[in-house]
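Listed below are the residues making up each chain.
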Amino acid sequence: MLVLVAPGQGAQTPGFLTPWLELPGAADRLGAWSDAIGLDLAHYGTQADADAIRDTAVAQPLLVAAGLLSAAALGDIVPGAVAGHSVGEITAAAYAGVLDDTAALTLVRKRGLAMAEAAAITETGMSALLGGDPEVSVAHLEKLGLTPANMNGAGQIVAAGTMEQLAALNEEKPEGVRKVVPLKVAGAFHTHHMGPAVEKLAEAAKELVPADPTVAYVSNKDGRTVTTGTEVLERLVGQVANPVRWDLCMETFKELGVTALIEACPGGTLTGLAKRALPGVKTLALKTPDDLDAARELVAEHA
């Protein structure tokens with residue numbers, strides 16, 4: 001059984017879309033999406049520098065576009081399940097047929113703008129904690145006023161809060177944590193700081209008519225498989241200010257009997273977590289079109 005997953009914010013790097021736009025029809029698709037949402041995705045995916053694509057309002061639609069382009073390049077595949085990390089859940093909603101590509105990009109454009117606006121109210125950020133006991137780390141974060149915004153499993157928790165709180169974390173790591181790594185994001189996502197963005201996204205969601213998922217859609221909220229398009233959309237709105245439970249998603253992958261995992265472009269983060277948390281599951285990250293042949297072999301064996 002194959003699960004197709006989409007990464008979240010912070011996975012983007014300058015020029016990462018360049019090789020993908022050489023594929024037949026890719027540039028035209030990206031151009032149409034750019035026109036639909038009023039953002040030059042080709043420019044940001046091929047020419048913009050790291051600071052430009054760190055902007056939440058740019059990074060989020062760019063990541064969804066990359067996830068859609070790279071998955072489409074695999075051909076007409078039917079995975080056993082789909083999931084996405086944070087903004088990658090919108091990409092996964094398109095994989096599952098809940099939203100069409102244009103609707104997904106329209107929603108993520110509004111999400112990115114709303115979250116960037118919310119992030120501008122207070123200077124906030126996120127840092128990854130590597131290693132340590134989750135219970136010990138969570139208690140320590142709460143003592144510092146930080147939120148465990150991403151429970152990623154495989155020994156990784158992402159803390160979110162004000163820059164002062166994150167500085168205190170850097171000075172006083174939880175017992176057992178090897179390293180604290182600042183993330184390339186511009187706000188404390190999946191925390192109460194994003195409350196204003198939830199309201200705006202809820203309004204944007206009212207304009208959409210979701211379909212029910214055609215494959216198993218595994219939600220970040222609690223690792224549950226969601227069966228109606230209406231609930232998927234509700235969860236996409238709420239997750240902006242609630243923690244990502246990727247650890248529970250991976251537990252569900254185990255329960256579903258997943259044997260292979262492909263991560264859409266810009267892949268790497270989720271396959272890394274899966275290698276540690278899902279022993280025996282074959283993994284592949286779509287980083288460039290050079291990875292497509294190996295991915296198709298995996299699809300043939302497991303989809």
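Quick note: structure is the one above.
Predicted model only: the values in this text are computed from it and were never measured. (Residues numbered from 1 in each chain as written. Predicted model: local features only at pLDDT ≥ 70, side-chain atom pairs only at ≥ 80, totals over all residues. Heavy atoms only, no water.)

**Student:** Before we go on, may I ask you to explain the sheet that holds strand S7 (residues 216-218) in this structure?
**Tutor:** Strand pairing in a sheet is mediated by backbone hydrogen bonds. Such pairs are either parallel or antiparallel. Overall, mixed pairing links the six strands, which are arranged S8-S7-S2-S1-S9-S10 in an open sheet. Each edge of the open sheet is held by one strand with a lone partner, namely strand S8 (225-226) and strand S10 (282-285). Sheet topology note: the strand S1 (residues 2-6)/strand S9 (residues 260-263) ladder contains four bridges and is parallel. The residue bridging leucine 4 from the neighbouring strand is isoleucine 262, located in S9. (Pairing = 2+ DSSP bridges. Helix = DSSP H or I, 4+ residues; strand = E, 2+ residues; numbered from the N terminus.)

**Student:** What's the story with the packing of helix H6 (residues 101-119) against helix H9 (residues 195-205) in this structure? I'm lost.
**Tutor:** Between two packed helices, the angle of one axis relative to the other and the distance separating the axes together describe the packing. In the contact formed by H6 and H9, the axes pass within 8 Å of each other and the chain directions differ by 160°. As far as their axial angle goes, H9 and H6 are roughly antiparallel. Considering how the two elements wind past one another, H6 and H9 form a crossing that is right-handed. Contacts between H6 and H9 involve Leu107, Lys110, Arg111, Ala114, Met115, Glu117 and Ala118 from the first element and Pro196, Ala197, Lys200, Leu201 and Ala204 from the second. Partitioning the contact of H6 with H9 into residue classes produces eight nonpolar, no polar and four charged. (Axes fitted to C-alpha atoms, helices over the stretch in contact; angles between N-to-C directions. Parallel < 35°, antiparallel > 145°, perpendicular 65-115°, else oblique. Left-handed = near helix turned anticlockwise from the far one by under 90°. Contact = heavy atoms within 4.5 Å. Nonpolar A, V, L, I, M, F, W, Y, C, P; charged D, E, K, R; others polar.)

**Student:** Before we go on, may I ask you to explain the packing of aromatic side chains in this structure?
**Tutor:** How two aromatic rings sit relative to each other is set out by the distance from centre to centre and by the angle between their planes. Under the criterion given, the structure shown has one aromatic pair. A ring pair is formed by tryptophan 246 and phenylalanine 253, whose centres lie 5.8 Å apart and whose planes are at 80°; its orientation type is edge-to-face. Pair check on accessibility: tryptophan 246 and phenylalanine 253 agree, each one buried. (Phe/Tyr/Trp six-rings, centres within 6.5 Å; stacked < 30°, edge-to-face > 60°. Buried < 20%, exposed > 50% of the residue type's maximum accessible area, 1.4 Å probe, protein only.)

**Student:** It is not clear to me how helix H1 (residues 26-37) should be interpreted in this structure. Could you clarify?
**Tutor:** An α-helical segment advances 3.6 residues per turn. Residues three or four places apart therefore align on the same side. With twelve residues, H1 extends 17 Å between its outermost C-alpha atoms, agreeing within 8% with the 16 Å of an ideal straight helix rising 1.5 Å per residue. All buried positions along H1 are accounted for by Ala26, Leu30, Trp33, Ser34 and Ile37. Burial along H1 is one-sided: seen end-on, the buried residues are contained in an arc of 105°. Residues Asp28 and Asp35 are exposed on H1 and point more than 90 degrees away from its buried face. (Expected span 1.5 Å × (residues − 1). Arc of directions from axis to C-beta.)

**Student:** What is the right way to look at the environment of aspartate 76 in this model?
**Tutor:** Of note, aspartate 76 is situated in the loop between helix H4 (56-73) and strand S2 (81-84). Between the alpha carbons of aspartate 76 and aspartate 35 there is a distance of 25 Å; along the sequence they are 41 residues apart.

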